[in-house]
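One letter stands for each residue in the lines below.
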Amino acid sequence: MPDLFLCFLYHETVLRCSVSGSVASCRVRMNRACVRRVFQHSVQEIDFSGNIAVDAEWLAYLGSFRYLGILKLADCKKVDHSAIWALSGMSMLKELDLSRCSRITDAGIKHIVSIDSLEKLHLSETGLTDNGVMLISALKRLNLLDLGGIHMTDKALRSLQVLTQLEHLDIWGSEITDEGASVLKAFTRLRFLNVSWTHVTRLPPLPNMKYLNMSNCTIYSIRGGDSEVHIPLQKFTASAASFGDIDEVFSSIVASSFSFLDMSGCSLSNLYGLQKMKSLEHLDLSLSRVTDGAIEYVANIGTKLRYLSLKNTGITSQAPCILAGTVPNLASLSLAYTKVDDSALVYISMMPSLKVIDLSHTSIEGFTRVEANSEKILSLPLLEHLIYLESLNLEDAPLSDEVIPPMASFRALKYLYLKSDFLSDPALQALSSASNLIHLGFCGSVLSNSGLLQFVPPAQLHVLDLSGCWVLTEYAISSFRSHHPVIEVRHELIQELQPSHIGTSQVRKSRHLPRGKTNFFNSSADSSRHSGIFFVGKGDVTSICFILFQLEGI
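As the structure is a computational prediction, the values presented were derived from the model and not from experiment. (Residues numbered from 1 in each chain as written. Predicted model: local features only at pLDDT ≥ 70, side-chain atom pairs only at ≥ 80, totals over all residues. Heavy atoms only, no water.)

**With respect to the overall build of the protein chain**
Then, in step 1: Scanning the protein chain for helices and strands turns up 15 helices and 30 strands.
Then, in step 2: A separation threshold of at least 6 residues defines the contact pool for the protein chain, and within that pool the share at least 24 residues apart is 52%.
Then, in step 3: Counting only carbon and sulfur atoms, one obtains 51% of the accessible surface of the protein chain, whose full area is about 24,400 Å². (Helix = DSSP H or I, 4+ residues; strand = E, 2+ residues; numbered from the N terminus. Contact = heavy atoms within 4.5 Å. Areas by Shrake-Rupley, 256 points an atom, 1.4 Å probe, with all protein chains shown as cover.)

Right, dumping it as structure tokens:
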């Protein structure tokens, strides 16, 4: 690849290439002109999302990338309508993401509509008005259109009826009313619709709808009042919504295909319609008015339910009692911020498939008493029967040192979150034998310096969160970290842990990195937040299959 090494220029770039099945790493210096000369005939996809340096000059170079099919510019704050001009007429571009590019206005849309190959267009939270939205009707090949957060009206939505290929439409936060929503029936292929935070209360029958979001809406009907129509919904999000007739809404849905329901924050307690939803796998009722009396309808859902959140509801320990034995495949259960106490643990232990349990901010103490002054009986050992339990959250539950040791024998436990003023050194020492722990939160405890330094961490431990352990000093944390360099230690005294010039680790106080040191390229496909750029064609350059850029010092 001699061309790559002939590029000398402004920005230092880390380049990782996969060539003929082997991976090579090299550091080169490149500039925009070099990028264009080497890659303009081979790049298929570029993701610049969140990059503050991308501007009109960058896009001017990209305009010559003849094979570019996907361009992601979300959160690029310097991209405006004049910068978009360079993309006019790109014949191969299929997807363009300008989400949250606030400087994109109606003037920029005039350039975008010249790209008649577009199939996916993301324009959420840009500066468009009705006039700009109406211009989009020229893009007849669109199957995905995201206009979320734009204050468009019914007039603009009516202009989009000609986009008959649409399968995905996002118009959350708009000024759309029931009158405007009536035109949605023109989109016969529509599978995804987001009308959250709008004035829509009724939808026309949409026979192919699979995913619907009506959060923060008042909902009367999702089938236009036609009792003969049933919508094959798979996922329904109605967070913080209110219902005119919840039974009417539930009866509109084909129960056999319905697997996901989010009604978090809804002010309702009538869940009668749920008992017919035998295919539900995910149910979120958090922050609602649900009480123990409604839990029988949840229990009637039965064997397919895998995720259940009753967080911040009015339930007590009676709710797990009702659920015990009815949800054998439940894998995740949240009872956080409820009135459940230790008496619930015996019923939770009867849910054999549980992997994740959240009991934070409850009254769990880790023991019970037969009578007020009788001997304590430890309650947490009951959870040892849950052989798949990987994550347990007991933050802000009033646990003391004596109840912690049994948790070390939970065979599958990988993530444990504790936060209590009553925990101290003995509790941490007891967890040394929790052999599979990857993440341990031991926050807000009275942990001493000696207690930390004497702690022998489990072999698999990657993260030790000691936030709020106010007794600890910077010296103790630094010493622990130097003895256990593979463990990420979290504490208010630590913001950055860097190797010193003599090769040891040292604790540094918080400081802000200059803007120029932030990652320039980001990626949605990779946790390292590098950009993926994919290639097609022939020759030396096109033997590259994958390239990751990280610009430094911009």
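After that view, the rundown keeps rolling.
**Regarding the pairing of strand 22 (residues 415–419)**
Then, in step 1: Residues Leu-416 and Leu-418 line the buried face of strand 22, whereas the alternating positions Tyr-415, Tyr-417 and Lys-419 sit on a face that is not buried.
Then, in step 2: Taken together, the five bridges between strand 22 and strand 23 (residues 439–443) define a ladder with parallel strand orientation. The residue bridging Tyr-417 from the neighbouring strand is Gly-441, located in strand 23. (Buried < 20%, exposed > 50% of the residue type's maximum accessible area, 1.4 Å probe, protein only. Pairing = 2+ DSSP bridges.)

**Describing the side chain of Ser-49**
Then, in step 1: Here Ser-49 lies in the loop between strand 3 (43–47) and helix 3 (56–62).
Then, in step 2: In this structure the side chain of Ser-49 is engaged in a polar contact, spanning 2.6 Å, whose partner is the side chain of Asp-47. (Polar contact = N/O pair within 3.5 Å; in protein donor to acceptor, adjacent residues only side chain to side chain.)

**Structural notes on the side chain of Ser-317**
Then, in step 1: Tracing the chain through its elements places Ser-317 in the loop between strand 16 (307–309) and helix 11 (318–323).
Then, in step 2: Reaching out from Ser-317, the side chain makes a polar contact with the side chain of Asp-341 at a distance of 2.9 Å.
Then, in step 3: Not counting the four nearest positions on each side in its chain, Ser-317 is found in contact with Lys-339, Val-340, Asp-341, Ser-343, Ala-344 and Tyr-347.

**What about the environment of Ile-176?**
Then, in step 1: With respect to the helices, strands and loops of the structure, Ile-176 is situated in the loop between strand 8 (168–170) and helix 8 (178–181).
Then, in step 2: When its relative accessible area of 1% is taken as the criterion, Ile-176 is described as buried.
Then, in step 3: Separated by 20 residues in the primary sequence, Ile-176 and Ala-156 place their C-alpha atoms 9.2 Å from one another.
Then, in step 4: Those residues in contact with Ile-176, other than ones at most four positions away along the chain, are Met-152, Thr-153, Asp-154, Leu-157, Ile-171, Ala-181, Thr-198, His-199 and Val-200.

**A look at the pattern of salt bridges**
Then, in step 1: Throughout the structure, instances matching the rule amount to nine salt bridges.
Then, in step 2: Two residues, Glu-119 and Lys-94, come together in a salt bridge whose shortest N-O distance is 3.9 Å. Of this pair, Glu-119 sits in the loop between helix 5 (106–112) and strand 6 (120–122) while Lys-94 is found in the loop between helix 4 (81–84) and strand 5 (95–97), placing the two residues 25 residues apart along the sequence.
Then, in step 3: In this structure, the salt-bridge partner of Glu-248 is Arg-223, at a minimum N-O distance of 3.2 Å. You can see Glu-248 sitting in helix 9 (residues 246–251) and its partner Arg-223 sitting in the loop between strand 11 (218–219) and strand 12 (235–237), a full 25 residues away along the chain. (Salt bridge = Lys/Arg side-chain N within 4 Å of Asp/Glu carboxyl O.)

**Remarks on unusual backbone geometry**
Then, in step 1: Positive phi outside glycine occurs at Asn-216, with the angle close to 60°.
Then, in step 2: Relative to the assigned elements, Asn-216 resides in the loop between strand 10 (211–213) and strand 11.
Then, in step 3: Judged by its relative accessible area of 29%, Asn-216 falls in the partly exposed class.
Then, in step 4: Of note in the backbone geometry, Ala-240 takes a positive phi value of approximately 60° without being a glycine.
Then, in step 5: Positionally, Ala-240 belongs in the loop between strand 12 and strand 13 (242–243).

**Structural notes on the nonpolar core**
Then, in step 1: Ranked by size, the top nonpolar core spans 148 residues in total, and within it Ile-136, Phe-236 and Ile-348 carry the most contacts.
Then, in step 2: No other element matches helix 10 (residues 295–299), which puts four residues into this core. (Core = buried A, V, L, I, M, F, W, Y, C linked by side-chain atoms within 4.5 Å.)

**Regarding the packing of aromatic side chains**
Then, in step 1: One pass over the full model with this rule turns up three aromatic pairs.
Then, in step 2: Pairing Phe-48 with Trp-58 gives two aromatic rings, centres 5.8 Å apart and planes at 75°, and the pair type is edge-to-face. Taken as a pair, Phe-48 in the loop between strand 3 and helix 3 and Trp-58 in helix 3 lie far apart in primary sequence, 10 residues in all. Across this residue pair, the class does not change: Phe-48 and Trp-58 are buried.
Then, in step 3: Both rings, one in Tyr-272 and one in Tyr-297, keep their centres 5.8 Å apart while their planes meet at 80°; by these two values the pair is edge-to-face. Here Tyr-297 lies in helix 10 and Tyr-272 lies in the loop between strand 14 (260–262) and strand 15 (282–284), a separation of 25 residues in the sequence.
Then, in step 4: On the basis of relative accessibility, which here comes to 41%, the residue Tyr-272 falls in the partly exposed class.
Then, in step 5: Seen from the ring of Phe-367, Lys-376 lies directly overhead, with NZ or CZ sitting 4.5 Å from the centre. (Phe/Tyr/Trp six-rings, centres within 6.5 Å; stacked < 30°, edge-to-face > 60°. Lys NZ or Arg CZ within 6 Å of the ring centre and 35° of its normal.)

**Considerations on the environment of Asp-284**
Then, in step 1: Here Asp-284 shows up in strand 15.
Then, in step 2: A residue is classified by how much of its surface remains accessible, and Asp-284, at 11% relative accessible area, is buried.
Then, in step 3: With 26 residues separating them along the chain, Asp-284 and Leu-310 place their C-alpha atoms 6.9 Å apart.
Then, in step 4: Not counting residues up to four positions away in its chain, the partners in contact with Asp-284 are Leu-261, Asp-262, Met-263, Ser-264, Tyr-307 and Ser-309.

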